[in-house]
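A structural walkthrough
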Amino acid sequence: MTVDEQKEAVGEAALKYVKPGMKVGLGTGSTAAWFVKAIAREVEAGLKLTLVSTSVQTTQLAESLGLTIKDINDVGTLDLCVDGADEVGDGLALIKGGGGALLREKLIWEQARTCVVIADAAKHVPVLGKFPLPIEVEPFAWKGTVNRISDVLVEFDIDKLPIMRKKDGQPWITDGGNLIFDVACGRIEDPSGLGAALKSVTGVVDHGLFLDLAEVALIATPDGVRIVEP
Ligand SMILES: O=C[C@H](O)[C@H](O)[C@H](O)COP(=O)(O)O
């Protein structure tokens, strides 16, 4: 199976968690897009769902497929969220935010009873950190914030600098108007300690470590979709 076929397979497989009448959060990225397409097909065939989105990108995709996206503030607790990830590690610890949607994704995940992560086989890793960890930063006084992030990284024996994400030479701006800094950590030995320390830095809006949030991962392999639990 190609990587794209693997993404399609897990996007389709996640449909089994969707029941009529559910309130469902739609993730962001190329894998989650397959789930959005599968949902659009089912809704067109008559399935009734209330849908919310984790990004402008996903809202645009969903609406282009004829889906209606509700305001999260009008919906309350979600039954389910299905989303991709950049790395899936031990205990279903995740790195997310490669597409820059980490803050709104985490807000939606935390408002959902069940979170299902969908990923191709290459993203299932023994230790998180090969994929650069995204950190979302308030633009005001960002230089001071990045200095304090660097101090935190040193405490965790990570000797890499946060790199500002850019597009066409300009700072990449999130849906919430913030900056993203990526850190090529290498190995993250203590994800929960690092996550808590980063979150305690004033100016850090959030980071891409999603810990204790996913109930199940659907991982595509050449032999089919494997279900992984924490
Ligand atoms: O910000 C983006 C999200 O966290 C995505 O879910 C993640 O980057 C995975 O995206 P993809 O499925 O395109 O690899």
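What counts and how
- Numbering of residues begins from 1 in every chain and follows the order in which that chain's sequence is written.
- Thresholds applied to this predicted model are a pLDDT of at least 70 for local features of residues and 80 or more for the giving and counting of side-chain atom pairs; totals over whole chains, interfaces and linings are not thresholded and use all residues.
- Strands here are runs of E lasting at least two residues and helices are runs of H or I lasting at least four, both read from the DSSP assignment and numbered beginning at the N terminus.
- In this description the radius of gyration comes from C-alpha coordinates, and the expected globular size is given by 2.2 Å times residues to the power 0.38.
- By the convention adopted here, residues make contact when the C-beta atoms placed from their backbones lie within 7 Å.
- We treat two strands as partners when DSSP finds at least two bridges between them.
- UniProt positions are given in the numbering used here, feature names are shortened, and annotations may be inferred rather than shown by experiment.
- For every residue, the other C-beta atoms within 10 Å of its own C-beta are counted; 20 or more classify it as buried, 12 or fewer as exposed, and values in between as partly exposed. C-beta atoms are placed from the backbone.
- A residue counts as near a molecule or strand when its C-beta atom, positioned from the backbone, falls within 6 Å of it.
- Each residue gets one label: Ala, Val, Leu, Ile, Met, Phe, Trp, Tyr, Cys and Pro are nonpolar, Asp, Glu, Lys and Arg are charged, and the others, such as Gly, are polar.
- The directions considered for the arc run from the helix axis to the C-beta atoms.
- For the purposes of this description, domain bounds are those given by an automatic or database domain assignment.

1. Section: the overall build of the protein
- When its secondary structure is counted, the protein shows six helices and 15 strands.
- The C-alpha atoms of the protein give 17 Å as radius of gyration, which agrees with the globular expectation for 230 residues (17 Å, within 12%).
- Long-range pairs, those at least 24 residues apart, make up 76% of the contacts in the protein between residues at least 6 apart in sequence.

2. A short note on unusual backbone geometry
- The phi torsion at Ala 141 lies on the positive side, around 60°, for a residue other than glycine.
- Among the secondary structure elements, Ala 141 is positioned in the loop between β7 (133-137) and α5 (142-155).
- Within the chain, Asp 168 stands out as a residue other than glycine whose phi angle is a positive 50°.
- Relative to the assigned elements, Asp 168 resides in the loop between β9 (166-167) and β10 (170-171).

3. Points about the sheet that holds strand β8 (residues 163-164)
- On the basis of which strands lie adjacent, the open sheet formed by four strands has the order β8-β11-β7-β12 and antiparallel pairing. In the strand order of this sheet, the two ends are held by β8 and β12 (204-207), each with one partner.
- Sheet topology note: the β8/strand β11 (residues 179-183) ladder contains two bridges and is antiparallel. Each residue of the ladder has a partner; that of Ile 163, found in β11, is Asp 182.

4. Quick notes on the UniProt feature "active site" (unreviewed entry) in the protein
- The residues that UniProt annotates with the feature "active site" (unreviewed entry) are Glu 105.
- When the 31 C-beta atoms within 10 Å are taken as the criterion, Glu 105 is described as buried.
- Setting aside residues up to four positions removed in sequence, Glu 105 forms contacts with Gly 27, Thr 28, Thr 54, Asp 83 and Lys 96.

5. Observations regarding the site of the ligand
- Taken together, 18 residues are adjacent to the ligand, and Gly 29, Thr 31, Gly 84, Gly 98 and Gly 99 come closest.
- Where the shell around the ligand is concerned, the elements lending two or more residues are α2 (30-44) and α4 (102-110).
- Per-element tally for the shell around the ligand: the top contributor is α2, with three residues.
- Residues that form the shell around the ligand fall into these classes: four nonpolar, 10 polar and four charged.

6. Structural notes on helix α6 (residues 191-199)
- Of the residues making up α6, those classed as buried are Pro 191, Leu 194 and Leu 198. Each buried residue of α6 lies within a common arc of 70° when the element is viewed along its axis, so the set occupies one face.
- Structurally, α6 contributes buried residues whose contacts are with β7, α5, β12 and β13 (209-210).

7. A short note on the domain arrangement of the protein
- Looking at the assigned domains, one finds that the protein contains domain 1 (3-122 + 211-222) and domain 2 (133-203).
- When each unit is reduced to the centre of its C-alpha atoms, the spacing between domain 1 and domain 2 is 25 Å.
- Contacts between the two partners involve 12 residues from domain 1, matched on the other side by 11 residues from domain 2.
- Broken down by element, the residue count for the side of domain 1 that touches domain 2 peaks at three residues, all from α4.
- When the residues that make up the side of domain 1 that touches domain 2 are grouped by side-chain class, the tally is seven nonpolar, four polar and one charged.

8. Describing the environment of Asp 190
- Summarising the element assignment, Asp 190 is placed in the loop between β11 and α6.
- Along the sequence, Asp 190 and Thr 28 sit 162 residues apart, while their C-alpha atoms lie 26 Å from each other.

9. A word on the pairing of strand β6 (residues 112-120)
- Most of β6 sits out of view: seven of its nine residues are buried.
- Sheet analysis places strand β3 (residues 78-83) next to β6, joined by five bridges and oriented parallel. Looking across to β6, one finds that Asp 83 is bridged to Val 117.

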